[in-house]
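Per-entry structural report
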Amino acid sequence: MTMKKNEANIVNSGDRICATLDCNGSRLASVEGMDFSCLEAVKRALLDIAGRFAGMAVLTVRNCTQGWLDVSALSMMRTPRLAAQPAMSRPMSGSQYLIPWAC
C-alpha cells in the first residue's frame, strides 16, 4: 500500500490557519490567522518571521476550517558573511601580515 500526498491542500481567504516552522528542535516561527490567500502566503509569512537560519526545518500547516494538515521539510543554507577587516597601513617590523580570508 502506498501513501499519496494530498496535492489539493487549498487555502481560501477566511480559512482558519495554524502554522509552525521548527528547526533542530526549536520553534522558529508560528502564525495563526484567517487572512491568508494561499498556502504559499502562509509559508512566506513563516519564513519572514523566522529570518535567517541554517539546516533542515519542518513546516507544519493546519487548515482548521477544511480539516487538513500539511507537513513538509525545508532546507536552508546560510550564506557566510565576511567580517569587515580593518585597513592595514604598512606592517611593522617583525610582525606578521594579516590575511583577511584566513580569519
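Rules used throughout
Residues numbered from 1 in each chain as written. Predicted model: local features only at pLDDT ≥ 70, side-chain atom pairs only at ≥ 80, totals over all residues. Heavy atoms only, no water. Helix = DSSP H or I, 4+ residues; strand = E, 2+ residues; numbered from the N terminus. Buried < 20%, exposed > 50% of the residue type's maximum accessible area, 1.4 Å probe, protein only. Polar contact = N/O pair within 3.5 Å; in protein donor to acceptor, adjacent residues only side chain to side chain. Contact = heavy atoms within 4.5 Å. Core = buried A, V, L, I, M, F, W, Y, C linked by side-chain atoms within 4.5 Å. Patch = residues over 30% accessible without salt bridge, like charges linked within 9 Å, V, L, I, M, F, W, Y side chains within 5 Å. Areas by Shrake-Rupley, 256 points an atom, 1.4 Å probe, with all protein chains shown as cover. Salt bridge = Lys/Arg side-chain N within 4 Å of Asp/Glu carboxyl O.

Right, let's talk about the side chain of asparagine 9 for a bit. For asparagine 9, the position within the fold is in the segment before strand E1 (17-23). Judged by its relative accessible area of 13%, asparagine 9 is buried. A polar atom in the side chain of asparagine 9 sits 3.4 Å from the side chain of aspartate 70. Look past the residues within four positions of asparagine 9 in its chain and what remains in contact with it is Leu39, Trp68, Leu69 and Asp70.

We now examine the nonpolar core. Core analysis: the biggest nonpolar cluster contains 19 residues, and Leu21, Phe36, Val42 and Leu46 have the highest contact counts within it. Listing elements by their share of this core, those giving two or more residues are E1, strand E2 (26-33), helix H1 (39-50) and strand E3 (55-63). At six residues, H1 tops the list of elements feeding residues into this core.

This next bit is on the side chain of asparagine 63. With respect to the helices and strands, asparagine 63 occurs in strand E3. A relative accessible area of 0% means that asparagine 63 is categorised as buried. A polar side-chain atom of asparagine 63 sits 3.1 Å from the main-chain amide nitrogen of threonine 65. Not counting residues up to four positions away in its chain, the partners in contact with asparagine 63 are Ile10, Val11, Asp15, Arg16, Ile17 and Trp68.

A few words on unusual backbone geometry. Phi angles above zero are rare outside glycine, and asparagine 24 is one such case at about 50 degrees. Residue placement: asparagine 24 occurs in the loop between E1 and E2.

Another aspect to go through is a nonpolar patch on the surface. Together, Val58, Leu69 and Val71 make up an exposed nonpolar region whose accessible area comes to about 240 Å². One can find leucine 69 in strand E4 (residues 68-76).

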